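Structure assessment
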Amino acid sequence: MNLHRTLLVAALAAATGFSFAPAASAQAAAAPAANPLGGNAVPGVCMLSREAVFAQSKVGQAASERLKSLATQQQQSLETERKPLDADIQAYQQKASTLTEAQRQQQGQALQQRMQTFQAQAQQLDQRIQLTRGKVMEQIGQQAQPIVNSTYSSHHCGLLLNRDAVLGGNTTNDLTPEVVSGLDGRITTLNFNLEPLPASTGK
């Protein structure tokens, strides 16, 4: 039975590839992309980037750092479990040729089971992080909603669009900066821990 180190590397990728915050989108969300399309502002049409509110606001940044810290702690725990597994796989590969077929099957299956357990733990951690991030963003969204409402009214908006989906045009009625400023004045931090996975309902 052949156990390739690449399978372990795949497990580690699952353990370390989770998303702490809108990393790729944070920079893009920080400001609208430069666009040569302009024109007149459309009365009543306003825009808002929820991702930018999360990325730029003090509470969003604090939440991202908190989530990253929690994830790092769990990752270190996984790394502690990975090292002896890695060592045992190496030892198995080195002595495999001296083992009987039955011994190779028995030891190989045991290592395979340990690796599957490790991969499952890594996947569960990733799910917990994504679940936590979703709940935190929901909480921030609830805090921001009254500010969005008042800003929407003060700008006499009649339609609110997702700024991140707008390809171009006049961005005069972008509510994002005002919502970020208002949110900063309302809340600056959140205290939370990683969410547990929902209990399985399967019988």
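Summary of the structure given here. (Residues numbered from 1 in each chain as written. Predicted model: local features only at pLDDT ≥ 70, side-chain atom pairs only at ≥ 80, totals over all residues. Heavy atoms only, no water.)

As for the state of the cysteines
For the record, the criterion: What counts as a disulfide here is a pair of cysteine sulfur atoms lying within 2.5 Å. By the criteria applied, helices consist of DSSP H or I runs no shorter than four residues and strands consist of E runs no shorter than two, each listed in order from the N terminus. Exposure categories follow from relative accessible area, calculated using a 1.4 Å probe and restricted to protein chains: below 20% of the type maximum is buried, above 50% is exposed, and the middle band is partly exposed.
Scanning the entire structure with this criterion turns up one disulfide. Through a disulfide, Cys-46 is tied to Cys-157; the S-S separation comes to 1.9 Å. Taking the sign of the S-S torsion, about -90° here, the bridge from Cys-46 to Cys-157 comes out left-handed. Taken together, the residues span a long stretch of sequence, with Cys-46 in strand 1 (residues 45-48) and Cys-157 in the loop between helix 5 (101-154) and strand 2 (159-162) at a distance of 111 residues. Each member of the pair, Cys-46 as well as Cys-157, carries the same accessibility label: buried.

Brief notes about unusual backbone geometry
Even without being a glycine, His-156 presents a positive backbone phi close to 55°. By the element assignment, His-156 lies in the loop between helix 5 and strand 2.

Focus on the side chain of Thr-132
Stated formally: Polar contact criterion, stated in full: a pair of N or O atoms within 3.5 Å, where within protein one must be able to donate a hydrogen and the other to accept it, and residues adjacent in sequence count only if both atoms are side-chain atoms. Residue contacts follow a heavy-atom distance rule, with two residues in contact if any of their heavy atoms lie within 4.5 Å.
As for its placement among the helices and strands, Thr-132 is situated in helix 5. On the basis of relative accessibility, which here comes to 2%, the residue Thr-132 falls in the buried class. A distance of 2.7 Å separates the side chain of Thr-132 from the backbone oxygen of Arg-128, its partner in a polar contact. Not counting residues within four places of it along the chain, the set of residues in contact with Thr-132 comprises Leu-67, Phe-192, Asn-193, Leu-194 and Glu-195.

Some points on helix 6 (residues 176-186)
To keep it simple, the criterion reads: Comment: arc refers to directions from the helix axis out to C-beta atoms.
Every buried residue belonging to helix 6 is among Thr-176, Val-179, Val-180 and Leu-183, and all of these are buried. Seen from one end, helix 6 has its buried residues packed into an arc of 100°, which puts them on one side. Exposed side chains of helix 6 directed beyond 90 degrees from the buried face belong to Pro-177 and Gly-185. Those residues of helix 6 hidden inside the fold are in contact with strand 1, helix 3 (50-56), helix 4 (58-95) and helix 5.

Thoughts on the packing of aromatic side chains
Inclusion rule: Put simply, two rings from Phe, Tyr or Trp (the six-membered ring, in Trp's case) pair if the centres are within 6.5 Å, and we call them stacked under 30 degrees between planes, edge-to-face over 60, tilted for the rest. Geometrically, a charge over a ring is one whose NZ (Lys) or CZ (Arg) sits within 6 Å of the ring centre while staying within 35 degrees of the ring normal.
With the rule as written, the count across this model stands at zero aromatic pairs. Seen from the ring of Phe-54, Arg-133 lies directly overhead, with NZ or CZ sitting 5.4 Å from the centre.

Things to note about the packing of helix 4 against helix 5
Put simply, the rule is: For helices, the axis comes from a line fit to the C-alpha atoms of the stretch in contact; other axes are also lines fit to C-alpha atoms, and the angle between any two N-to-C directions lies between 0 and 180 degrees. Angles below 35 degrees are treated as roughly parallel, those above 145 as roughly antiparallel, those between 65 and 115 as roughly perpendicular, and all remaining angles as oblique. Under the scheme applied here, ten amino acids are nonpolar (Ala, Val, Leu, Ile, Met, Phe, Trp, Tyr, Cys and Pro), four are charged (Asp, Glu, Lys and Arg), and all others, including Gly, are polar.
Two elements in contact, helix 4 and helix 5, have axes whose closest approach is 11 Å; the angle formed by their N-to-C orientations is 175°. Judged by the angle between their axes, helix 4 and helix 5 are roughly antiparallel. Classifying every residue of the contact of helix 4 with helix 5 by side-chain character gives 17 nonpolar, seven polar and seven charged.

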